[in-house]
Amino acid sequence: MRAINPATEEVVAEYPDHTPEQVRELIGRAGTAFLQWRVVPIEQRAERLRRAASILRQRSAKYSALMTREMGKPIAQSEAEIEKCAICCEHFADHAAGYLAPEVIASDATRSYVRHDPLGAVLAIMPWNFPFWQVFRFAAPALMAGNVAVLKHAPNVPGCALAIEEIFNNAGLPRGAFTTLLVDAPAVEKIINDPTIQAVTLTGSSRAGRAVASQAGRALKKTVLELGGSDPFIVLPDAELAPTAKSAVSARCINSGQSCIAAKRFIVVGDADRLAREMARLMKEMNVGDPTDRSVEIGPLARLDLLENLDDQVRRSVAAGAKLLTGGRRLDRKGYLYAPTVLADVRPGVAAFDEETFGPVAAVVAARDADEAIEMANRSSYGLGACIWTQDLELAERLATRIEAGCVFINGPVKSDPRLPFGGIKQSGYGRELSRDGIREFVNIKTVWINADAGKSTLRGVQD
């Protein structure tokens, strides 16, 4: 596998792929580790997770630099990602016991309850855009539940994948409790079919989700899918222009625009042109360049093919009638840099409305009223997140019930939080990560029914 620095377009490291024999050996080791890890008391699992959090913080500079080097994230955002991973580890160390506690349920038994037992080895197929966070948000709850993790990471971030394995090994988990496989996509189906693998989680495109769900379905293995998004950012007429525009630009450009939950369609009730112009002004002022420079707000896109696809979407949108206010081109300098872009007069049928755009491109859509804004928000194959900006909180909460998405944020950008469930509907996938709901995705929800009065009378009744 080859890691290319998207800021310099140079190869920074190469790693040999695991052979099929090595893959089988590593998966077997994961299965052995599960037999050890599942019987470790949850308090001791929590100690290991807290140790992982400590390692993340101690080595933040090293891991942040690695992330920035492999996929181009601005360094300050890389540091924030490492800290968020540490917080996630601590959250599940603190709360997993409560999330997984047996639940007593009254029935015809003397006593009956539901317990939450681990499944075994869970395969995680993860993307490059948040190369540490998206692994930790799966791994922290899965490991605390007593499962073991097998990671197939994106091929352009192999160093990050191996670093995460190093963290869990150094934290004192059994060797194999977290295993990284350096393989390409064609190897995935055989891995899913390995009897040691009990479930699969994938964060990625809808196309990848359909393929993995099909493969796992044939093997009768559970899946959780967190797929693409085209999140609406709904602006009602009473929202203040300046702070809303600033939040809109920030919500679009996080991670250089390469986020499933970045706001992408800015649906404005009222003066859409005014907001579009203000967003364009702010976008023009953004510092685009070397992601190791702390003043840089937008770094390169992670790969050349991603930049070319984004540019194609912008060109097709303009050809279909969208108005280009700023940007719309690759910057003429080293690195996969794309100019922050604002498209106005976007409507359904335009690529920037219909497709997920992965980069600093904002599509501004005009709506007559709140009802049309909701109709526009829902006119998407995706349903990951959404946000509403208004001073009328009662109206916003009523509108939130009508939005087809896994989460709705009011007067704040969509974000993931270990305390809250995260996931989508429609082509954005199914299942949930994080919180109590997330940790319970990969457990055996087991009913235990007890008759304390069993004896001769019971047996006699059966015989009769």
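Up top is the structure these notes are about.
Residues numbered from 1 in each chain as written. Predicted model: local features only at pLDDT ≥ 70, side-chain atom pairs only at ≥ 80, totals over all residues. Heavy atoms only, no water.

Tell me about the sheet that holds strand 3 (residues 103–104), residues and numbers included.
In spatial order, the strands read 3-4-20; together these three strands make up an open sheet with antiparallel pairing. The open sheet has two edge strands with one neighbour each: strand 3 and strand 20 (443–450). Across eight bridges, the pairing between strand 4 (residues 111–118) and strand 20 is antiparallel. Looking across to strand 20, one finds that Arg-111 is bridged to Ile-450. (Pairing = 2+ DSSP bridges. Helix = DSSP H or I, 4+ residues; strand = E, 2+ residues; numbered from the N terminus.)

Talk me through the packing of helix 3 (residues 60–71) against helix 6 (residues 158–170); I want residue IDs and the actual numbers.
At a minimum axis separation of 9 Å, helix 3 and helix 6 run at an interaxial angle of 155°. The angle between the axes of helix 3 and helix 6 places the two elements in the roughly antiparallel class. Our pair here, helix 3 against helix 6, has a crossing hand that is left-handed. Contact residues: helix 3 offers Lys-62, Tyr-63, Leu-66, Met-67 and Glu-70, while helix 6 offers Pro-158, Gly-159, Cys-160, Ala-163, Glu-166 and Ile-167. Across the contact of helix 3 with helix 6, the residue classes tally to seven nonpolar, one polar and three charged. (Axes fitted to C-alpha atoms, helices over the stretch in contact; angles between N-to-C directions. Parallel < 35°, antiparallel > 145°, perpendicular 65-115°, else oblique. Left-handed = near helix turned anticlockwise from the far one by under 90°. Contact = heavy atoms within 4.5 Å. Nonpolar A, V, L, I, M, F, W, Y, C, P; charged D, E, K, R; others polar.)

Requested: an account of the sheet that holds strand 7 (residues 178–181), with residues and values cited.
Within the open sheet, the six strands sit side by side as 7-6-5-8-9-19. Their pairing is mixed. Edge positions in the open sheet fall to strand 7 and strand 19 (429–430), since each of these has one partner strand only. Most of the contacts of helix 5 (residues 133–144) go to strand 6 (residues 148–152), to which it runs at about 160°, and overall it touches strand 5 (121–125), strand 6, strand 7, strand 8 (197–203) and strand 9 (222–226).

Mind laying out the pattern of salt bridges, listing which residues take part and the relevant values?
Enumeration over the complete set of coordinates arrives at 30 salt bridges. Notably, a salt bridge pairs Arg-137 with Glu-226, separated by 2.5 Å at the nearest N-O pair. Here the residue Arg-137 occupies a position in helix 5, and Glu-226 occupies one in strand 9, the gap between them amounting to 89 residues. Here Arg-303 makes a salt bridge to Asp-305, at a shortest N to O gap of 2.8 Å. A cluster of three or more residues bridged by salt bridges with shared partners is formed by Arg-57, Glu-83 and Glu-90. (Salt bridge = Lys/Arg side-chain N within 4 Å of Asp/Glu carboxyl O.)

Give a description of the side chain of Gln-313 that names residues and reports values.
Tracing the sequence through the fold places Gln-313 in helix 11 (residues 304–319). Classification of Gln-313 as buried rests on a relative accessible area of 3%. Looking at Gln-313, its side chain comes within polar contact range of the side chain of Glu-355, at 3.0 Å. (Buried < 20%, exposed > 50% of the residue type's maximum accessible area, 1.4 Å probe, protein only. Polar contact = N/O pair within 3.5 Å; in protein donor to acceptor, adjacent residues only side chain to side chain.)

Outline unusual backbone geometry, supporting the account with residue identities and numerical values.
Positioned with a positive phi, Ser-256 is a non-glycine residue whose angle comes to about 60°. Take Ser-256: it is sitting in the loop between helix 9 (241–253) and strand 11 (263–269). Phi is positive for Lys-426, close to 55°, though the residue is something other than glycine. Along the polypeptide, Lys-426 turns up in strand 18 (residues 425–426).

Give a description of helix 9 that names residues and reports values.
Here helix 9 contains 13 residues, and its C-alpha end-to-end distance of 18 Å stays within 8% of the 18 Å for a straight helix at 1.5 Å per residue. Considered for burial, the residues of helix 9 that qualify are Thr-244, Ala-245, Ala-248, Val-249, Ala-251, Arg-252 and Cys-253. Buried positions along helix 9 lie against strand 10 (231–235), strand 11, helix 10 (272–285), strand 14 (361–367) and strand 16 (385–389). (Expected span 1.5 Å × (residues − 1).)

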